[in-house]
Amino acid sequence: MRKISVANMHSFKAVNNRISTDGKITGQFLDFTVSSVFQPIYSLSHRNPVGYEALCRPNNADGISISPLSLFGQVKDESDNVLLDRLCRAVHMKNFSQFMDKSWIFLNVNPLVTVLGKNYGAFFSELLEHNHILPGQVVVEILEQGIYDESILSNAVNYYKSMGCLIAIDDFGASHSNFDRIWNIQPDIVKFDRSIIVQAETNPVIRKALPSLVGLIQELGCTALMEGVETEQQALIAIDSNVDLVQGYYFGYPRSVLVEHSEQSNVLPQLRDKHTMFSAATRARYRDAVDQCLIEFRAVLRIIKTGLERHEKYCDKLLALPSVIRLYFLDEEGNQIGKNIQKDPSSECADPRYTPLLEAVGANWSRRYYFRQAMLNPGEVQLTRPYRSLTGKGQCITISALVEATGGKLVVCLDMDWQ
């Protein structure tokens, strides 16, 4: 097997690996041999791999596998750092190019090495050209742990963007990877840290919030990728969160070859079917919870339209339903008219710490979704998705409708408990 000697060599010509006798590219760093594996990244919509993350697999002089962290722990100075980083990328690119695949290749890049690399001559553009890989086919994963100098990150990101590569932020939601970095770097792809999907599996609050978090990332112009998906339950949560891409052992382990079309399993179609069943069950639960409330809510609307006073006695059947929290009325500006109407006023705030938020007379709810939707759709009953109640009673659903009353237009609102 032929390997490349890289001692004191940093140029592309010196770092570029030679193909071994078995068609696999390896590189030599000190007494360690570096090879490549590729983990598939699936598009949930396309149901097939659209990219692969390149990962290094080092062996020591005895041929025993060691962790990448142990390999990079052998770096003693700046020169070694640049050399090993370039060697890994050269090995990955050379291996990937053998497959003649048009998928993305995700490369982990230390931005500090990118900045230091200027002292060691050009490399990356020659690497792409030599392997006949277009810059747009490369997704550069910025490894920004421990990088506190924003100028270093900015310079590295701008360098790869200027070449035409895509930029990904890794481990979003952990360590230094947060919204501040997204706003500064403006990546093309955001990879959610595995800890998020793990917590969502056991924490219903996080699970409910995840689709909104994913939606926010997408609104910022980024493609959302959930990594570290290892179980069917996590896969269903990922689908339910509406992420674009998924990665993890559940979909495919890292290996030295790419996924052949004939190898693609029925996992994603089966997951879709299971998610459809799960969604149907959720919708059924939602309908069961609101249907009876809707009947009584519409009865109250009819009473209000007749011109009778807004009084609790016309709402008894509605207020008696176990899931009903309160009924209240808003004017056309979103200002609350009068106090909340409820069967047991003492239960208004289950958590006394939220007492300062109880007084709602004159409060303005014009920014709320239920008010805006009611104003846009006069006469039609509107329902919200579950959201957190301002009075500390957990999740609630609000039913609302704009009606013509004797004193003018009125938005009638009903809050339901969604625990």
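Before reading on, note that the structure itself is shown above.
A few points on the structure. Bear in mind that the values here come from a model prediction, so they are computed numbers and not experimental data.

A word on helix H6 (residues 150–163)
Working step 1: Compared with an ideal rise of 1.5 Å per residue, which puts 14 residues at 20 Å, H6 spans 20 Å between its outermost C-alpha atoms and is within 8% of the ideal.
Working step 2: Considered for burial, the residues of H6 that qualify are Ile152, Leu153, Ala156, Val157 and Tyr160. For H6, the angular spread of buried residues about the axis comes to 120°, placing them on one side.

Describing the packing of helix H10 (residues 232–240) against helix H11 (residues 267–305)
Working step 1: Where H10 contacts H11, the axes come no closer than 10 Å and their chain directions differ by 70°. The angle between H10 and H11 places the two elements in the roughly perpendicular class. At the point where H10 passes H11, the crossing takes the right-handed sense. Residues Glu232, Ala235, Leu236, Ile239 and Asp240 of H10 form the contact with H11, whose participating residues are Leu271, Arg272, Lys274, His275 and Phe278.
Working step 2: For the contact of H10 with H11, the class distribution of residues is five nonpolar, one polar and four charged.

Concerning the pattern of salt bridges
Working step 1: Counted by the stated rule, this structure contains eight salt bridges.
Working step 2: Salt-bridge contacts for Glu230 lead to Arg194; the nearest nitrogen and oxygen are separated by 3.4 Å. Here Glu230 is found in the loop between strand E8 (223–226) and H10, whereas its partner Arg194 is found in helix H8 (residues 194–202), with 36 residues between them in sequence.
Working step 3: The closest approach of N and O atoms between Lys317 and Glu296, which form a salt bridge, is 3.7 Å. Placement of the pair is Lys317 in helix H12 (residues 316–319) and Glu296 in helix H11, with a sequence separation of 21 residues.
Working step 4: Here Lys317 falls in the exposed class, since its relative accessible area comes to 60%.
Working step 5: The network of salt bridges with shared partners includes Glu53, Glu141, Lys191 and Glu227.

Some words on the environment of Phe123
Working step 1: Mapped onto the elements, Phe123 comes out in the loop between helix H4 (111–116) and helix H5 (124–130).
Working step 2: With a relative accessible area of 3%, Phe123 lands in the buried category.
Working step 3: The spatial distance from the C-alpha of Phe123 to the C-alpha of Arg86 is 7.8 Å, given a sequence separation of 37 residues.

Overview of the side chain of Asn131
Working step 1: Turning to its location among the elements, Asn131 is positioned in the loop between H5 and strand E5 (138–142).
Working step 2: Among the polar contacts made by the side chain of Asn131, one reaches the side chain of Ser97 at a distance of 3.4 Å.
Working step 3: At 2.9 Å, the side chain of Asn131 forms a polar contact with the backbone oxygen of Leu127.
Working step 4: Look past the residues within four positions of Asn131 in its chain and what remains in contact with it is Met93, Lys94 and Ser97.

Rules and cut-offs
Residues numbered from 1 in each chain as written. Predicted model: local features only at pLDDT ≥ 70, side-chain atom pairs only at ≥ 80, totals over all residues. Heavy atoms only, no water. Helix = DSSP H or I, 4+ residues; strand = E, 2+ residues; numbered from the N terminus. Expected span 1.5 Å × (residues − 1). Buried < 20%, exposed > 50% of the residue type's maximum accessible area, 1.4 Å probe, protein only. Arc of directions from axis to C-beta. Axes fitted to C-alpha atoms, helices over the stretch in contact; angles between N-to-C directions. Parallel < 35°, antiparallel > 145°, perpendicular 65-115°, else oblique. Left-handed = near helix turned anticlockwise from the far one by under 90°. Contact = heavy atoms within 4.5 Å. Nonpolar A, V, L, I, M, F, W, Y, C, P; charged D, E, K, R; others polar. Salt bridge = Lys/Arg side-chain N within 4 Å of Asp/Glu carboxyl O. Polar contact = N/O pair within 3.5 Å; in protein donor to acceptor, adjacent residues only side chain to side chain.

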